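A structural walkthrough
Residue-level listing of the chains:
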Amino acid sequence: MISICFMSSFRAVYEGKELSKFRIRLDDKIRNHDREIERMCNFHYQGFIDSIRELLTVRQDAAKLKDEVQQVDQHLQESCVPLMTKGEELVKCRRIQGNIATAVESLNLCLPVLEMYRKLQEQMTSRRFYPALKTLEQLEHTYLPRVNSHWFAQTMADDIPKQRESIKEASMSDLKDFLENIRKHSGKIGEVAMLHAAEQNNMDPAIVKATRKKIKKRRAPPPPNPFTGEVDAPPPPVIQDEEDEIEDSAELSAQDLIDFSPVYRCLHIYSVLGDRERFETYYRKQRWKQARLSLQPPSNMHESLDSFKRYFHDIVGFFVVEDHILNTTQGLVNRAYIDELWEMAVSKLAASLRTNTVQCKDTSMLLDVKNLIILFCHTLRGYGFSVGHVLELLLEMRDQYNDVLTRQWVDIFNEIFSEDNYTPIYVESIEEYTAIVTQFPIQDENLERESFPKRFPFSQFVPDVYNQVKAYINACLKYSADLHLSHTEIDDMIRKSTNLLLTRTLGSCLSSLIKKPSLTLLQLIQISINMNYLEKSCLYLEEYISSITGAQNDSVHMARLHGTTMFKDAKSDAEEHIYKQLNLKIDEFMDLASYDWLLPEAKGHASGYVIDLVAFLQSTFMSFTNLPEKVAKTACMSACKHIANSLKEFLLDNEIRQLTMGSLQQFNLDLIQCEQFAASEPIPGANDGNLTLAFAGIRQVILLPAI
């Protein structure tokens, strides 16, 4: 604040008109101060002179003292030369002693570090990676900080990351070897697991075992003779079946068959090194690839049951290993990952089985595959996997199994039809009679009372067809075994399959049989009679199905067999062909007719073709005795009408220009022969006059000339 006021005043002086006055006053002030200074100097001058004199006296004493000090110093230096020599030697010794102590201390610090590093190298050489990792951790955090001042410490510190990477690579290499090994042994693990499941579920272990190749195992050569040094000839290789190996390892579990330590070791190493997520990703990715390989079916799997077995072994082995990893590690695989993998496997498995079972044409192989699937489900259900969708596949396979069965039974039925002689079965002894009634249920008191030889009304293909239908039912029942279905479900399944067999397969075979042009009239008649008995046998087939399925007490829900309707249709078809065949035979006789319409006089007896025709009809209608009365009457009426129409066509032929009474009389004799046949009751019970009415029209035509 003062400086500011001074500056403002000083500025005012220079800017004003009183600068000269200021200079004058300033000069006066300077002169006053000079006089004050001079007065002060004069006042202290005498003291200054006295001080100078004292300093001169002190100078002399100081020079004298300096000489004395130099003498003392020289004397002291001369006397201390031996002492300095000894002192230097002592300092040197002390320095050496300190260096030794420092070296010892450093060595004491460095030796544990070097020892740990040597231990690390030994562990790495012996591939003991887990202890090596612990050694690295101790070396880095405990030992190396103590020797940071040494150059090798930094070298070791720089080498530690490399060692960790080396451990990771080595452990990963072991893991890759493990994955390759587990891929090779998954089938064996799966087979052992399925054998255990077969024993637990009381199933035949032979379902699981695949045909194995015999392998040669070489024995180690004997040691040399300690006295002569000679080596004996090596023993021959031992031939052992791989199946024996499976039996030897049947009591072992998955963890006994495979060493899982590489997985655990690698997992721990990557966890310690903070790279666990990378390891988990790699492991899951590789196992996912292996799952796809296991789920890829072998080529032409449908041709060999062993291919199916090995396919299931690989899949079971894969999931047994994954289940063991799930239960023995924390987080390497989790339930969500396993479930996702299992869903993918089920879809792939179902697609492969659908493709290959469709191409399989052997029912025994399909049954074995079904049993394999059931055992597969039992095995993996024991490890906690949901197998519902796989079991549903068995129901789809049932349709394929039934289709294959049906195709087999087409050949069976056709063979039965081709080998049958279409004549009633004759038996000459009680043994033969018992053999027939045992094969086919027939209740005929009249037949039982007859004496031997006896004749059954049906031909051999009736009991053969009946027994083959029962065989088909038994074959269908085999598939339902071990499916854990109720009696009602099994009964319903078998009845549906039997209905398809009767309506489609047997019905189609019968239709083709009836339409064969090579069948004679008698054979058609026998087929029609056979259909009547097969129709009645459907009731016994229903009872048989109920007895083998155990569903007798649940008759409310039982489906009826459609064979009755099918046999009725087949019988109707056979009857139609009987009528047609009978008319064709009549046409053959009619084609032999050669009327001379200009004949002057009748021969006095019926024409030869009419006599032969009547004889044929009489013998034919005798074979109609086993046909239903209505059918026999219809056939007879059809034959009479056909004869009458043929005779009428003869008379009404447009080529006839002229008729003589002799020719009409001959024609009348033929007609009378036919009317007598109609009136002779060719069919028992056909005495109502309807047959003779068939010739009424042609009779009226004959009577026209007489009118």
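All of these numbers come straight from a predicted model, not from anything done at the bench.

Rules and cut-offs
- Residues numbered from 1 in each chain as written.
- Predicted model: local features only at pLDDT ≥ 70, side-chain atom pairs only at ≥ 80, totals over all residues.
- Heavy atoms only, no water.
- Helix = DSSP H or I, 4+ residues; strand = E, 2+ residues; numbered from the N terminus.
- Buried < 20%, exposed > 50% of the residue type's maximum accessible area, 1.4 Å probe, protein only.
- Contact = heavy atoms within 4.5 Å.
- Areas by Shrake-Rupley, 256 points an atom, 1.4 Å probe, with all protein chains shown as cover.
- Phe/Tyr/Trp six-rings, centres within 6.5 Å; stacked < 30°, edge-to-face > 60°.
- Lys NZ or Arg CZ within 6 Å of the ring centre and 35° of its normal.
- Core = buried A, V, L, I, M, F, W, Y, C linked by side-chain atoms within 4.5 Å.
- Expected span 1.5 Å × (residues − 1).
- Bend = angle between axes of the 7 residues up to and from the residue.
- Polar contact = N/O pair within 3.5 Å; in protein donor to acceptor, adjacent residues only side chain to side chain.
- Axes fitted to C-alpha atoms, helices over the stretch in contact; angles between N-to-C directions.
- Left-handed = near helix turned anticlockwise from the far one by under 90°.
- Nonpolar A, V, L, I, M, F, W, Y, C, P; charged D, E, K, R; others polar.
- pLDDT = per-residue confidence, 0-100.
- Salt bridge = Lys/Arg side-chain N within 4 Å of Asp/Glu carboxyl O.
- Parallel < 35°, antiparallel > 145°, perpendicular 65-115°, else oblique.
- Arc of directions from axis to C-beta.
- Patch = residues over 30% accessible without salt bridge, like charges linked within 9 Å, V, L, I, M, F, W, Y side chains within 5 Å.
- Disulfide = S-S within 2.5 Å.

Topic: the overall build of the chain
The helix and strand inventory of the chain stands at 23 helices and 4 strands. Within the span of the chain, comprising 707 residues, buried residues form 39% of the whole. The contacts in the chain between residues at least 6 apart in sequence include a share of 78% that link residues at least 24 apart. Carbon and sulfur atoms form 53% of the exposed surface of the chain, whose accessible area is close to 41300 Å².

Regarding the packing of aromatic side chains
One pass over the structure, following the stated rule, counts 23 aromatic pairs. Summarising the aromatic geometry, the rings of Phe440 and Tyr466 are spaced 5.3 Å apart at their centres and angled 85° between planes, so their arrangement reads as edge-to-face. Here the residue Phe440 occupies a position in the loop between α13 (430–439) and α14 (445–449), and Tyr466 occupies one in helix α15 (residues 461–480), the gap between them amounting to 26 residues. In this structure, Phe440 and Tyr466 share a single accessibility class: buried. Three or more aromatic residues joined by ring pairs make a cluster, and in this case those are Tyr311, Phe312, Phe318, Phe319, Trp342, Phe376 and Phe385. Positioned above the aromatic ring of Tyr337 is the side chain of Arg284, whose terminal nitrogen or guanidinium carbon lies 5.1 Å from the ring centre. The ring of Tyr544 carries Lys470 above its face, with NZ or CZ at 4.7 Å from the centroid.

With respect to the nonpolar core
In terms of nonpolar packing, the biggest core is built from 163 residues, with Trp342, Phe376, Phe413, Phe417, Leu617, Leu647 and Phe695 touching the most fellow members. Other than its neighbours up to four places away in sequence, Phe695 contacts Cys640, Ile643, Ala644, Leu671, Cys674, Glu675 and Ala678.

Points about helix α16 (residues 487–514)
Under the 1.5 Å per step criterion, the end-to-end length of α16 is 38 Å for 28 residues, consistent within 8% with the ideal 40 Å. The sharpest bend along α16 measures roughly 35° and falls at Gly507.

Comments concerning unusual backbone geometry
Residue Pro453 follows Phe452 across a cis peptide bond; omega there is 0°. Located in the positive-phi region is Tyr422, a residue other than glycine, with phi close to 55°. On the secondary structure map, Tyr422 appears in the loop between α12 (388–419) and β3 (426–427).

Quick word on the environment of Thr503
Counting through the fold element by element, Thr503 comes out in helix α16. Separated by 62 residues in the primary sequence, Thr503 and Thr565 have C-alpha atoms spaced 8.5 Å apart. Apart from residues lying up to four places away in sequence, Thr503 is in contact with Ser508, His562 and Met566. Side-chain polar atoms of Thr503 contact the backbone oxygen of Asn499, separated by 2.6 Å.

Considering the side chain of Ser294
Tracing the sequence through the fold places Ser294 in helix α8 (residues 276–295). When its relative accessible area of 3% is taken as the criterion, Ser294 is described as buried. Beyond its immediate chain neighbours, meaning those up to four positions away, Ser294 contacts Arg183, Tyr311, Asp314, Ile315 and Phe318.

Quick look at the packing of α12 against α16
Running from N to C, α12 and α16 cross one another at 35°; their axes reach a closest spacing of 10 Å. Of the two elements, α12 crosses α16, and the hand of that crossing is right-handed. Residue-level inspection shows Arg398, Asn402, Thr406, Trp409, Val410, Phe413, Asn414 and Phe417 of α12 in contact with α16, the latter providing Met493, Ser497, Leu501, Thr505, Leu506, Cys509, Leu510 and Leu513. For the contact of α12 with α16, the residue count by class is 10 nonpolar, 5 polar and 1 charged.

Comments concerning the confidence of the model for the chain
Residue-level pLDDT values for the chain average 79, and 89% of them are 70 or greater. Note on residues 214–246: pLDDT is under 50 here. Beyond four places in sequence and across chains, it has 42 contacts.

Points about the pattern of salt bridges
In this structure the tally under the stated criterion is 16 salt bridges. Ionic pairing is found between Arg335 and Asp339, a salt bridge with its closest N-O pair at 3.9 Å. Of this pair, Arg335 and Asp339 both sit in helix α10 (residues 335–358), 4 residues apart, roughly one helical turn. Between Lys585 and Glu588 there is a salt bridge, with its nearest N and O atoms 3.2 Å apart. Placement of the pair is Lys585 and Glu588 together in helix α18 (residues 563–590), with a separation of 3 residues, close to one helical turn. Since its relative accessible area comes to 25%, Lys585 is described here as partly exposed. Residues joined in a network through salt bridges with shared partners are Glu115, Arg118 and Glu122.

A closer look at the packing of α15 against α16
Two elements in contact, α15 and α16, have axes whose closest approach is 10 Å; the angle formed by their N-to-C orientations is 140°. When the axis of α15 is compared with that of α16, the two are oblique. Here the hand of the crossing between α15 and α16 comes out right-handed. Where α15 abuts α16, its residues Val465, Val469, Tyr472, Ile473, Cys476, Leu477 and Ser480 lie against Ile490, Met493, Ile494, Ser497, Thr498, Leu501, Leu502 and Leu506. Here the residues of the contact of α15 with α16 are counted per class, giving 12 nonpolar, 3 polar and no charged.

Describing α8
Given a rise of 1.5 Å per residue, 20 residues ought to cover 28 Å, and the 28 Å separating the end C-alpha atoms of α8 matches this to within 8%. Taken together, the buried positions of α8 are occupied by Phe279, Glu280, Tyr283, Arg287, Gln290, Ala291, Ser294 and Leu295. Buried residues in α8, looked at end-on, bunch into an arc of 130°, giving them a common side. For α8, exposure combined with an orientation more than 90 degrees from the buried face picks out Glu277 and Lys285. The inward-facing, buried residues of α8 abut α4 (151–200), α7 (261–272), α9 (305–328) and α10.

A word on a nonpolar patch on the surface
Together, Tyr45, Phe48, Ile52, Leu55 and Leu56 give the surface a local cluster of nonpolar side chains, amounting to about 540 Å² of exposed area. Secondary-structure assignment places Phe48 in helix α2 (residues 19–125).

What to know about the side chain of Ser497
Tracing the chain through its elements places Ser497 in helix α16. Engagement of the side chain of Ser497 in a polar contact is seen with the side chain of Asn402, the distance being 2.9 Å. With sequence-adjacent residues up to four places away left out, Ser497 is seen in contact with Asn402, Tyr472 and Cys476.

So, the state of the cysteines
In the structure shown here, the tally under the stated rule is 0 disulfides. Of all cysteine sulfurs in the structure, the one in Cys636 sits closest to Cys640, which takes part in no disulfide; the separation is 4.4 Å. Relative accessible area serves as the criterion here: at 0%, Cys640 is assigned to the buried category.

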